[in-house]
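Working through the structure, step by step
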Amino acid sequence: MHRSRLYALIIDAPRDEAGETAAFWSAALGAELRTEPAEPEFTGLADVMPGLVTAVQSVDDAPRYHLDIETDDVAAEVERLCALGATPVSRWLDCHVLRAPGGHLLCVIPVASDSELFETTATRWP
């Protein structure tokens, strides 16, 4: 048995357009921009939706959106999602990138949210 929950909505933007993209979404959503020196490729959009991280990610690829799913058992969650039709794309550190049916990307990551939030909102899988 393991648990997982939707952790983040990530707006992927080409590297040279990431600043403009973050400024647009900040104004559109009324969200303060936040950056972390340890993760310069991400610009957070603060408090867009309680319990859901929303951020712009600078990428060397085309613009798109992707979801992050956090879990207390990464291997089990990857296996569950692949059984539902996702296919592995790549791996970066503890992040497993999958492609869902329909072509959308998603990342499976270890629990990153507050432990109380995870405990109260995660779905339990057999």
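Please refer to the structure higher up on the page.
Residues numbered from 1 in each chain as written. Predicted model: local features only at pLDDT ≥ 70, side-chain atom pairs only at ≥ 80, totals over all residues. Heavy atoms only, no water.

**Describing the environment of Glu32**
Along the chain, the position of Glu32 falls in the loop between α1 (18-29) and β2 (33-35). By relative accessible area, which is 51% here, Glu32 ends up exposed. (Helix = DSSP H or I, 4+ residues; strand = E, 2+ residues; numbered from the N terminus. Buried < 20%, exposed > 50% of the residue type's maximum accessible area, 1.4 Å probe, protein only.)

**As for helix α2 (residues 74-83)**
Those residues of α2 that fall on the buried side of the exposure criterion are Val74, Glu77, Val78 and Leu81. One side of α2 carries all its buried residues, which in axial view fall inside an arc of 100°. Pointing more than 90 degrees away from the buried face of α2 are the exposed residues Ala75, Glu79 and Ala83. Residues of α2 that are buried in the fold lie against β1 (2-14), β5 (64-71), β7 (95-99), β8 (105-110) and β9 (123-125). Of the residues one or two after α2, Gly85 is the one with positive phi, at around 120°. (Arc of directions from axis to C-beta. Contact = heavy atoms within 4.5 Å.)

**Section: the nonpolar core**
Core analysis: the biggest nonpolar cluster contains nine residues, these being Tyr7, Ala8, Ile10, Ala55, Cys95, Val97, Leu105, Cys107 and Ile109. Within the residue set of this core, elements represented by two or more residues are β1, β7 and β8. Contact partners of Ile109, with chain neighbours within four places excluded, come to Tyr7, Asp68, Ile69, Glu70, Thr71, Val74, Asp94 and Cys95. In this structure, Ala86, Leu98, Leu106 and Val108 belong to the second largest nonpolar core, which totals eight residues. (Core = buried A, V, L, I, M, F, W, Y, C linked by side-chain atoms within 4.5 Å.)

**Overview of the side chain of Arg3**
Note that Arg3 resides in strand β1. Residue class for Arg3 comes out buried when judged on its relative accessible area of 14%. Among the polar contacts made by the side chain of Arg3, one reaches the side chain of Glu119 at a distance of 2.8 Å. Beyond its immediate chain neighbours, meaning those up to four positions away, Arg3 contacts Glu70, Thr71, Asp72, Phe118, Glu119, Ala122, Thr123, Arg124 and Trp125. (Polar contact = N/O pair within 3.5 Å; in protein donor to acceptor, adjacent residues only side chain to side chain.)

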